[in-house]
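Listed below are the residues making up each chain.
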Amino acid sequence: MPATHARRPLRVKMILPSLIEANSPGYRPIKYALFPPLGLASLASYLDPDDEVELLDEHVQAPLELDDAPDLLVMSVYITSARRAWEIADLYRARGTHVCVGGLHPTSLPDEAASHADTVFIGPGEGAWQEFLVDFRAGRPKPRYEAAASMRSLEGIPPVRRDLIERRRYLCPNSIVVSRGCPHHCDFCYKDAFYEGGRSFYTQTVDEALAEIDRLPGRHLYFLDDHLLGNARFARALFDGMRGMGRLFQGASTVNAILRDDLIERAAAAGMRSVFVGFETLNPENLRRHDKRQNLGRDYDEAIRRCHDLGVMVNGSFVFGLDDDGPDVFERTVGWGISRSLETSTYHIMTPYPGTALHRRIADDDRIVTDDWDLYDTRHVVFKPRRMTPEQLEAGYWRAYRDFYAWPAIWKGAAGQDTLKGRARHLAYAGGWRKFEPLWDLIIRARRVNAMLPALERTLDAFVGARKPANGIGSSGPQRREPGEKSFGVDLEEHLGLAQTRQWTATEAPESDPGWHRARHRGLRLPGDDDLPSVGDRAQPRHGVDRQTDVPGVGQRRAAAVDAGAHPDIDIARPDPFPQ
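The structure contained in this document is the topic of the report that follows. (Residues numbered from 1 in each chain as written. Predicted model: local features only at pLDDT ≥ 70, side-chain atom pairs only at ≥ 80, totals over all residues. Heavy atoms only, no water.)

## Looking at the overall build of the protein chain
In plain terms, the rule: The helix and strand labels rest on DSSP assignments: H or I over at least four residues marks a helix, E over at least two residues marks a strand, and numbering proceeds from the N terminus. Residue exposure (1.4 Å probe, protein chains only): buried if accessible area is under 20% of the type maximum, exposed if over 50%, otherwise partly exposed. Note on contacts: a residue pair qualifies if any of its non-hydrogen atoms lie within 4.5 Å across the two residues. Only the protein chains shown count as cover for residues, and all accessible areas are computed by the Shrake-Rupley method using a 1.4 Å probe.
A tally of helices and strands in the protein chain yields 21 helices and 18 strands. Relative to its 580 residues, the protein chain shows a buried fraction of 60%. A separation threshold of at least 6 residues defines the contact pool for the protein chain, and within that pool the share at least 24 residues apart is 75%. In the form shown here, the protein chain has an accessible surface area of approximately 22700 Å², with 51% of it arising from carbon and sulfur atoms.

Below, the structure written as structure tokens:
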């Protein structure tokens, strides 16, 4: 019979187990020292103030001390961390600790997870986690929790427990999530299984998102959202609210969203400096087969040009091994990216994750060759490709990385930029990310990754500036300097081996008061949205959309808040925002 914990504080341990690829040949330590475990830090915010909680990330804190016996162990489990997670879970269960697991892998294979854990969370954790805590304190925890779809909301949630995160261990400690899921339904994506039975894409309120941003120190932000521009109304209001905050940020989008209306212009005006874009393939038939319909008929070249004209760098994501891919796909894809001056590229081998439509289709064709989850890391071939051998596919994947990040390719990509400043930034960003491994390893071992953040900020901001007018949308990014206008130099040679200079930027102006945006958000109603409930008075609980009615820089700034809420679940797994 489980013990009752209602009368004393809980001792809680939260662990993000290391991914198998973080310890494999070709391991790049910096890739796994980018972002803190926000999902676990979000769950910690629901614990009582007097509960003792420890948050550990095995990627940056190994070797972990696992000789204690807390009341509760909570782990976020992805497919290639499952083996390690089960080892840790079995160790603690043997000591009488109640073990909870959740995330993408336990949702896809709950029976497997249940053989190693006392409680398994299915799907998003909002609602289910709060219910579990009540049950656990009362001594009656259930083996599985799956919250009703109506509980998927960020309304009134407490701030993320960032005090549990050691910022110095991460290059991007100011990572943030303001939406959940994605509005699209690609067959290789885990999302549909994870969000089954309810909304698969919903956002935080703009006011709450801006308040979270306001609490973060420094300038740089990394939005870990699957699709930051996925809800156009929310994205416009968020970016307009961020204008004048002096932020630099990176995030993810689709080609369709970049080409739609003025979203990317507003993002650039708010401080976006690089965007992760899922191009996936250059073959339209592959897009059809895998339901990547948001890319069909889209002009990839125009999307890249539009970003580059605004000074926004592009990290293109591509998948190899789709059914219409032959042995020539690697050279064609790499050559295309270099010729379009993509600053960075991320490559993946198609991987049929359990629970996805792709896995069902490949399994029905008897093309799955292994269920060893350690190999489901998008670096190994776990199925039978149609138009090449597994050996050709895996070799081509590694060759693509080698060829794209060879110095001649980096120089060629940089030469395709329109301006000298754009070329210099291309060299600094692509070269600094891939060509300085000894430096990255040194600072990781010294546990001072965050010391490189100023170098990242300077590289993102040093050479940026819209090359063309942004159709009436003002820019908070650097403006072109007239002769005689004041400028200053930034020497990054010690960080990246490249000398750089930059200009004064509007984001450094006195207007960048951290609380300035709040005064602009007063609150107007917009009842009756097609896909969202209507909103009541701002003094009452909000369940709809408050809308910005005037364009910033043209008219008055009105309230902006999109209530389509989300709560960080136990595992926040997203498209890989940085290349291997």
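## Observations regarding the pattern of salt bridges
Here is the rule we go by: By definition here, a salt bridge exists when the distance from a side-chain nitrogen of Lys or Arg to a carboxyl oxygen of Asp or Glu is within 4 Å.
In total, this model carries 33 salt bridges according to the counting rule given. With a shortest N-O distance of 3.3 Å, Asp-71 and Arg-11 are connected by a salt bridge. Highlighted residues: Asp-71 in the loop between helix 2 (58-61) and strand 3 (72-76) and Arg-11 in strand 1 (residues 11-16), separated in sequence by 60 residues. Its relative accessible area of 8% is what places Asp-71 among the buried residues. Through salt bridges with shared partners, a single ionic network connects Arg-236, Asp-240, Asp-261, Asp-262 and Arg-266.

## Observations regarding the pairing of strand 12 (residues 272-280)
Rules: Paired strands are those between which DSSP finds at least two bridges.
With 9 of 9 residues buried, strand 12 is to be regarded as a mostly interior element. Judged from the 6 bridges that link them, strand 12 and strand 13 (residues 313-320) form a sheet pairing that is parallel. Directly across from Ser-274, in strand 13, lies its bridge partner Met-313.

## Points about the packing of helix 8 (residues 206-215) against helix 9 (residues 232-242)
Let me state the cut-off plainly: Geometry is summarised by axes, namely lines fitted to C-alpha atoms with helices restricted to the contacting stretch, and by angles between N-to-C directions that run from 0 to 180 degrees. In these notes the angle categories are as follows: under 35 degrees is roughly parallel, over 145 is roughly antiparallel, 65 to 115 is roughly perpendicular, and the rest is oblique. Throughout, a crossing is termed right-handed when the near helix is turned clockwise from the far one, and left-handed when it is turned anticlockwise from it by less than a right angle.
The interhelical angle for the contact between helix 8 and helix 9, taken along N-to-C directions, is 40°, at an axis separation of 10 Å. One way to sum up the angle between helix 8 and helix 9 is to call them oblique. Between helix 8 and helix 9 the crossing geometry is right-handed. Counting all contacts with helix 8, which are made through Val-206, Ala-209, Leu-210 and Ile-213, the residues of helix 9 involved are Phe-234, Ala-237, Leu-238, Gly-241 and Met-242.

## Some words on the sheet that holds strand 4 (residues 98-102)
Strands sit in the order 2-1-3-4-5-6 across an open sheet of 6 strands; the sheet is parallel. The open sheet is flanked by strand 2 (52-57) and strand 6 (144-145), the only strands paired with a single partner. One ladder, built from 2 bridges, connects strand 5 (residues 119-121) with strand 6; its direction is parallel. Following the sheet pairing, Val-120 is matched in strand 6 by Arg-144. Packed onto the sheet, helix 3 (residues 82-93) meets strand 1, strand 3 and strand 4 and runs at close to 175° relative to strand 3.

## Considerations on the environment of Asp-135
Here Asp-135 shows up in helix 6 (residues 128-137). By relative accessible area, Asp-135 is classed as buried at 9%.

## Describing the packing of aromatic side chains
Heads up, the rule is: Only rings of Phe, Tyr and Trp enter the pairing, Trp through its six-membered ring, and a pair is recorded when the two centres are within 6.5 Å. The plane angle decides the type: under 30 degrees is stacked, over 60 is edge-to-face, the rest tilted. We call a charge positioned over a ring when the NZ of a Lys or the CZ of an Arg lies within 6 Å of the ring centre and within 35 degrees of the ring normal.
Enumeration according to the criterion identifies 25 aromatic pairs in this entry. Ring geometry for Phe-279 against Phe-318: centres 5.7 Å apart, planes inclined by 15°, an arrangement best described as stacked. Here Phe-279 is found in strand 12, whereas its partner Phe-318 is found in strand 13, with 39 residues between them in sequence. Overall, the relative accessible area of 1% leaves Phe-279 in the buried class. For the cation-ring pair, Arg-95 lies above Tyr-92, with the distance from its terminal atom to the ring centre recorded as 5.1 Å.

## Some points on helix 16 (residues 390-404)
So the rule is basically this: Helix span, expected: 1.5 Å multiplied by one less than the number of residues in the helix. The arc in question is traced by the directions running from the helix axis to the C-beta atoms.
End to end, helix 16 covers 21 Å across 15 residues, agreeing with the expected 21 Å (1.5 Å per residue, within 8%). Along helix 16, the residues that are buried comprise Leu-393, Gly-396, Tyr-397, Ala-400, Tyr-401 and Phe-404. Axial view of helix 16: buried residues confined to an arc of 135°, hence all on one face. The outward face of helix 16, more than 90 degrees from its buried face, is lined by the exposed residues Glu-391 and Arg-402.

## Some thoughts on the packing of helix 14 (residues 329-339) against helix 16
Under the convention used in this document: We call Asp, Glu, Lys and Arg charged. Ala, Val, Leu, Ile, Met, Phe, Trp, Tyr, Cys and Pro are nonpolar, and the rest, Gly among them, are polar.
Their axes nearest at 9 Å, the elements helix 14 and helix 16 cross at an angle of 20°. For the element pair helix 14 / helix 16, the angle class is roughly parallel. In this structure, helix 14 crosses over helix 16, and the sense of that crossing is right-handed. Of helix 16, the residues touching helix 14 (which contributes Phe-330, Val-334, Gly-337 and Ile-338) are Gln-392, Leu-393, Gly-396, Tyr-397, Arg-399, Ala-400, Asp-403 and Phe-404. Residue classes in the contact of helix 14 with helix 16 are distributed as 7 nonpolar, 3 polar and 2 charged.

## Here we look at the side chain of Asp-377
Put simply, the rule reads: Throughout this description, a polar contact denotes any pair of N or O atoms lying within 3.5 Å of each other; where both atoms belong to protein, one of them has to be capable of donating a hydrogen while the other can accept it, and for residues adjacent in sequence the pair is counted only when both atoms sit in side chains.
You can see Asp-377 is positioned in the loop between helix 15 (357-364) and helix 16. A polar atom in the side chain of Asp-377 sits 2.9 Å from the backbone nitrogen of Arg-379. Within the structure, the side chain of Asp-377 is placed 3.0 Å from the side chain of His-380, a separation counted as a polar contact.

## Concerning the environment of Ala-148
Relative to the helices and strands, Ala-148 resides in the loop between strand 6 and strand 7 (175-176). Ala-148 gets classed as partly exposed once you look at its relative accessible area, which sits at 45%.

## Considering the sheet that holds strand 7
A sheet is described by the order of its strands in space; here 6 strands give the open sequence 7-10-11-12-13-14, paired in parallel fashion. Looking at which strands have only one partner, the edges of the open sheet turn out to be strand 7 and strand 14 (344-349). As paired strands, strand 10 (residues 220-223) and strand 11 (residues 248-253) are joined by 3 bridges and run parallel to one another. Bridging across to strand 11, Tyr-222 finds its partner in Gln-250.

## Side note on helix 9
When you tally the buried positions in helix 9, you get 9 out of 11 residues, the bulk of the element. Buried residues of helix 9: Ala-232, Phe-234, Ala-235, Ala-237, Leu-238, Phe-239, Asp-240, Gly-241 and Met-242, and no others. Of the residues flanking the end of helix 9, it is Gly-244, one or two places downstream, whose phi is positive at about 85°.

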